Amino acid sequence: MYKNRLILLILMVGVTWARVEEIHDPEQLTGHKLVNNRLLEDMATNKYTPPEEKDPQFWYNLAYEELAKRLELPQPNAKKAKNIIFFLGDGMSLSTVAAARILKGQRQGNTGEESSLSFERFSHSGLSRTYCSNAQVPDSACTATAYLCGVKTNIVEIGVSAAVDYNNCTASQDPVNRLTSIAEWAQNAGKSTGIVTTTTLTHASPSGAYAKTANRLWECDTDVASYGVDPTQCIDMATQLVTQVPGKNFEVMFGGGFGKFVPSTIQDLHGNPGERSDGVNLLSKWQAQHPGGVLVSNRKQLLSVDTTSVSSIIGLFQSQLMKFHLEADETYQPTLSELTEVTIKKLSQNKNGYFAFIEGGLIDYGNHYNKAGYALDEALEFEKAIQLAREMTDIEDTLIVVTSDHGHTLTIAGYPGRGTPILGLNHHDTDVNGVKYSVLNYAVGPNNYLDSEGNRIDLSDQIGGNDFVFPSYITQAQGTHSGDDVGIFASGPQSHLFTGVMQQSTIPHLMAYAACIGSGPKVCDEV
Ligand SMILES: *[C@@H]1O[C@H](CO)[C@@H](O)[C@H](O)[C@H]1NC(C)=O
Ligand SMILES: [Zn+2]
């Protein structure tokens, strides 16, 4: 037995050694390119290398800086978190994070690769495993259930356990199948709560904080009825938000999706007809229940709210999804940073603290359209809001956790030289026909850019705009999510817990531990 193990070990060492050899052989690394060697010819001149990086001391100094940063935290911040701000970048794969940081640096006139997003400078980070109970690659509904309710469930379902089948309303109403979210745990502890999204208030991600549904698309009664389900028996998500715990107690609700709250017989404040068939104006209902509350629908109204004199704020800034930051009228639609600022101002008035869910929801839409320029710009809007949140709050009492729900099939490939425009062509490689390709590509999406013979076409004349649709290998109306892990980035009390590789459903339990809320273990219980 022992002998066998020894032989196995020797075999393994042999394999490892062979691997290292392989990687160190440049011919293996660059493959056929050594024949038609655009990459090395061009790069050999060193023209892409920033001069300071030619000195080994540059990397030693950077390493010592990074080491010092880690040594500054000799003791983890073991305090209790009074406040939790949970930031969710929808569809923000790790490739999206890397590409966004490069774009950030390039917008500042630098090569870009060396840049960092605000949350990448947080003291602790880990990885989240995103699969759902019945899905290798998840959607935003089952993942919201994981990171807000702490339980993995089936794809397309929210706030109910995996015992509930898709579309089975009866099962979703059985109390044993219904979950509670960290927003409810926070409310039970006397904290203020709020949700913010750039999608709609009834979209899958924010709904994880309040909804219980066997189908994420049951956003209003009309949607429920369209599945042949009786909306008087099966309560739509907009109604749940306004009339049920914990939604009706939210002090901040910011997003799009006005139409889901008002009847089709009237126009919403953006001039579009409502979407409800039951004739109920949920916003009138909400205002009747919240006499000190205020409804806002544009940036000017939002910024004129005196957060100290209102009891709660609901903001519905578009009829449906909010617009991409690059397409929005910035005098009309607030930015995620502006939404974040008002949210923190309002919620921080509670001396017991608060829980806020804040979503950059359009990163996912940019990636679904294979419009990487939009996805990355939304990721940069997201990182700005996080930076503002960190600046507005005390690192001693406010835990900020940043993560994503699932990946997307974006890749950064082909040995482009340092500083190559991230939204441009890779000038250092071609396909087998000698045609250059873009730095960014998707596995799945709407356009593969092949000619009638199936050959890749030259993109030089098309690429470059923010709204360019990047190529994909598998043609589909839209890009799809991916099943790779996503990052978790944490700062503040108990941030050291958010390290290592964990189940996505563990995240809210760690936040609850840090803030001493919920029914599980709490830092306050430790002696
Ligand atoms: C819905 O779930 C319940 C269990 O809660 C089950 O009895 C019923 O058969 C299911 N309905 C359908 C249509 O599958
Ligand atoms: Zn998506």
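As shown above, the structure is provided for reference.
These numbers were taken from a predicted model, which means no experiment stands behind them. (Residues numbered from 1 in each chain as written. Chains lettered and ligands numbered in written order. Predicted model: local features only at pLDDT ≥ 70, side-chain atom pairs only at ≥ 80, totals over all residues. Heavy atoms only, no water.)

Colleague: Tell me about the state of the cysteines, and please be specific about residues and values.
Modeller: Applying the stated criterion across every chain yields a total of three disulfides. Disulfide pairing places Cys169 opposite Cys234 at an S-S distance of 2.0 Å. Judged by the torsion about the S-S bond (105°), the Cys169/Cys234 disulfide is right-handed. With Cys169 in helix H7 (residues 169–173) and Cys234 in the loop between helix H10 (221–225) and helix H11 (237–243), this residue pair connects regions lying 65 residues apart in the sequence. Here Cys169 and Cys234 have matching classes, each one buried. (Disulfide = S-S within 2.5 Å. Helix = DSSP H or I, 4+ residues; strand = E, 2+ residues; numbered from the N terminus. Buried < 20%, exposed > 50% of the residue type's maximum accessible area, 1.4 Å probe, protein only.)

Colleague: I'd like a rundown of the packing of aromatic side chains, residues and numbers included.
Modeller: Tallied over the full model, the rule gives 16 aromatic pairs. Aromatic pair Tyr210 and Phe250: ring centres 6.3 Å apart, planes at 80°, arrangement edge-to-face. With a gap of 40 residues between them, Tyr210 in the loop between helix H9 (204–207) and H10 and Phe250 in the loop between H11 and strand E4 (252–256) connect regions that are remote in the sequence. The exposure classification of Tyr210 matches that of Phe250, with both residues buried. Here Phe468 and Phe470 contribute two aromatic rings whose centre-to-centre distance is 4.9 Å and whose plane-to-plane angle is 80°, an arrangement assigned as edge-to-face. In this structure Phe468 comes out as buried when scored by relative accessible area, which is 5%. (Phe/Tyr/Trp six-rings, centres within 6.5 Å; stacked < 30°, edge-to-face > 60°.)

Colleague: How would you explain unusual backbone geometry if you had to name every residue and give the values?
Modeller: Geometrically, the link from Val245 to Pro246 is a cis peptide bond, its omega value of 5° lying close to zero. Even without being a glycine, Asn167 presents a positive backbone phi close to 70°. Here the phi dihedral of Asn370 falls at roughly 60°; this positive angle occurs in a residue that is not glycine. Among the secondary structure elements, Asn370 is positioned in the loop between helix H15 (362–368) and helix H16 (372–392).

Colleague: Break down the coordination of the zinc ion (ligand 2) for me, citing the residues and quoting the values.
Modeller: Distances from the zinc ion (ligand 2) to its protein donors, Asp364 (OD), Asp364 (OD), His368 (NE2) and His481 (NE2), fall at 2.0 to 2.5 Å. In this structure, the zinc ion (ligand 2) is surrounded by four donor atoms whose angles at the metal cover 56 to 150°, and the resulting shape is irregular. In primary-sequence terms, the residues that donate to the zinc ion (ligand 2) follow D-x3-H-x112-H. Taken together, the residues Asp364 and His368, both in helix H15 and four residues apart, mark about one turn of the helix. Owing to a relative accessible area of 5%, Asp364 belongs among the buried residues under this scheme. The exposure class of His368 is buried, given its relative accessible area of 12%. (Donors = N, O, S within 2.8 Å, 3.2 Å for Na, K, Ca; no water. Tetrahedral: all angles 85-135°; square planar, octahedral: opposite > 155°, others 65-115°.)

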